[in-house]
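# Overview (structure and organization)
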Amino acid sequence: MRTVKKAAAFILSLIIALSVFNITYVSAKSADGYLTVSFEDFGVRSKKDINDGYVDFVKPMGVIVDETIVEYYKGENLADVTLRLLKKLNMTSEYSGSAGSGFYLASIGNFYNKNYGSVSSFGEYDAGPTSGWMVTFNNKFIDRSASEIKVSGGDCICWKYSCSLGADIGCDWSNQSAKISGFKFTPDTVKLNPAFSKNVKNYEISVPNGTKTIQVEALMENYWSEVTYKSGNKTYKFRSEIPVTNGTKITVESKFVPMAGQNPTDTDKITLTVKTISNSSITLNKDALELKYKKSETLSAELTGAKKVMWSSSDESVAKVDDNGKVTAAGRGNAVITAKTEKGDTAQCSVKVKYSFGQWLIVIFLFGWIWY
């Protein structure tokens, strides 16, 4: 009996072990990384195509699929992750070729849109004879099949609907320009100085003190252009976190290459130099005051990232100020009231003190000897 129990226990243990082994074996393998995929329609419809009856969807759909995090596995391409997302969202797709070769996305379907409700299919020729899906990979329109674009962590894939073979959404072949037309920064507290101008190639960017990294996005005249971001000896791709300290230089270079392997037809280059600034500030409700002799007015300060204000006057014989910002006219003339935070930020208000009409009469008739 004891032998039978031992045998039964052994068999049960074996079954449990095999079950665990089986669960481990069939579980999905770990992703090699993650990237984002999105779909949008901001294509500009042709009035002629609308009038001729070629446009089924007259109003752009806007964002169809927000930027969505999608896993990828080693060796996968742009088409692989796109189809994975559509399947995950229970959306349909029609395409030619395959994910592995010659992939061309003709349409997507089975989704809800605020302008049209339920959409069964949306793709080529639905908004005119030159309409269809195009795609940017790290903010550049691809120059080959989606099957040939290998993906990696942090990549950004955006499928964009065009009504004019790309010209309406920033891929204009009649203007083979690599010119940078501005910048977008993350966080948005980063500021460009001076204001962007196509003739300026060196800028200072103000970065709040304590910021460790920033993202730089070049806005382009033509998004067929390839853009690189360099800092130190390292090159960063689109939306990478670039480490910054005071004095860091970021070089943004772009080139327009008609087709892979060809020489650029246009280039551009801009240098951004980081200047770290205090992340606190102070502003006053007024930058100028005019007071009659012995009259008072209280200034108020708005603080960001600071808690304490210290007040001072450049000339207390003209204007005095107390700890609450109350300014009192002490004598005719001009003075400057300064409000300073514990972090060193300052704001100023100029004060002009004048005599009233009655006070002037006293000055004139009594020579100013005995009045207050």
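Rules behind the numbers
Residues numbered from 1 in each chain as written. Predicted model: local features only at pLDDT ≥ 70, side-chain atom pairs only at ≥ 80, totals over all residues. Heavy atoms only, no water. Buried < 20%, exposed > 50% of the residue type's maximum accessible area, 1.4 Å probe, protein only. Helix = DSSP H or I, 4+ residues; strand = E, 2+ residues; numbered from the N terminus. Contact = heavy atoms within 4.5 Å. Polar contact = N/O pair within 3.5 Å; in protein donor to acceptor, adjacent residues only side chain to side chain. Pairing = 2+ DSSP bridges. Lys, Arg positive; Asp, Glu negative; His and termini not counted. Salt bridge = Lys/Arg side-chain N within 4 Å of Asp/Glu carboxyl O. Phe/Tyr/Trp six-rings, centres within 6.5 Å; stacked < 30°, edge-to-face > 60°. pLDDT = per-residue confidence, 0-100.

### Thoughts on helix H3 (residues 78-88)
- For H3, the complete set of buried residues consists of Leu78, Ala79, Val81, Thr82, Leu83, Leu85 and Leu86.
- The inward-facing, buried residues of H3 abut strand E1 (33-41), strand E2 (62-72), strand E3 (92-98), strand E4 (101-109), strand E8 (132-137) and strand E10 (156-162).
- Measuring from the backbone nitrogen of Ala79 back to the side-chain oxygen at the start of H3 gives 2.9 Å, which picks out Asn77 as the cap.
- After H3 finishes, the residue Asn90 shows a positive phi value of roughly 60°.

### Some words on the sheet that holds strand E11 (residues 180-186)
- Reading across the sheet, the 3 strands line up as E11-E14-E17 and stay open at both edges, with antiparallel pairing between neighbours. Looking at the sheet topology across the chains shown, the edges are occupied by E11 and strand E17 (242-243).

### Section: the side chain of Asp168
- Relative to the helices and strands, Asp168 resides in the loop between E10 and E11.
- Among buried Asp, Glu, Lys and Arg side chains, Asp168 stands out as unpaired, with Arg45 the closest opposite charge at 6.4 Å.
- In this structure the side chain of Asp168 is engaged in a polar contact, spanning 2.9 Å, whose partner is the backbone nitrogen of Val44.
- A distance of 3.4 Å separates the side chain of Asp168 from the backbone nitrogen of Ser164, its partner in a polar contact.
- Not counting chain neighbours up to four residues away, the residues in contact with Asp168 comprise Gly43, Val44, Ser162 and Cys163.

### Some words on the packing of aromatic side chains
- Using the criterion set out here, one finds 15 aromatic pairs in the structure.
- On the numbers, 5.0 Å between centres and 75° between planes, the contact of Phe57 with Phe122 is edge-to-face. You can see Phe57 sitting in the loop between helix H2 (47-51) and E2 and its partner Phe122 sitting in strand E7 (residues 122-123), a full 65 residues away along the chain.
- Of the residues examined, Phe57 reaches a relative accessible area of 13% and is grouped as buried.
- Among the residues examined, Phe122 registers a relative accessible area of 0% and is labelled buried.

### A closer look at the confidence of the model for the chain
- Per-residue pLDDT for the chain averages 89, and the proportion of residues at 70 or more is 88%.
- In the predicted structure, residues 1-27 sits below a pLDDT of 50 and forms 0 contacts with residues beyond four places in sequence or in another chain.

### As for the pairing of strand E27 (residues 333-341)
- Relative to E27, strand E24 (residues 309-313) runs antiparallel, the two being bridged by 5 bridges. Considered in E27, the bridge of Val309 is made with Thr341.
- Sheet topology places E27 next to strand E28 (residues 346-354); 8 bridges connect them, and they run antiparallel. Considered in E28, the bridge of Val336 is made with Ser350.
- The turn joining E27 and E28, which pair antiparallel and follow one another in sequence, is formed by 4 residues; a positive phi near 95° is taken by Gly344.

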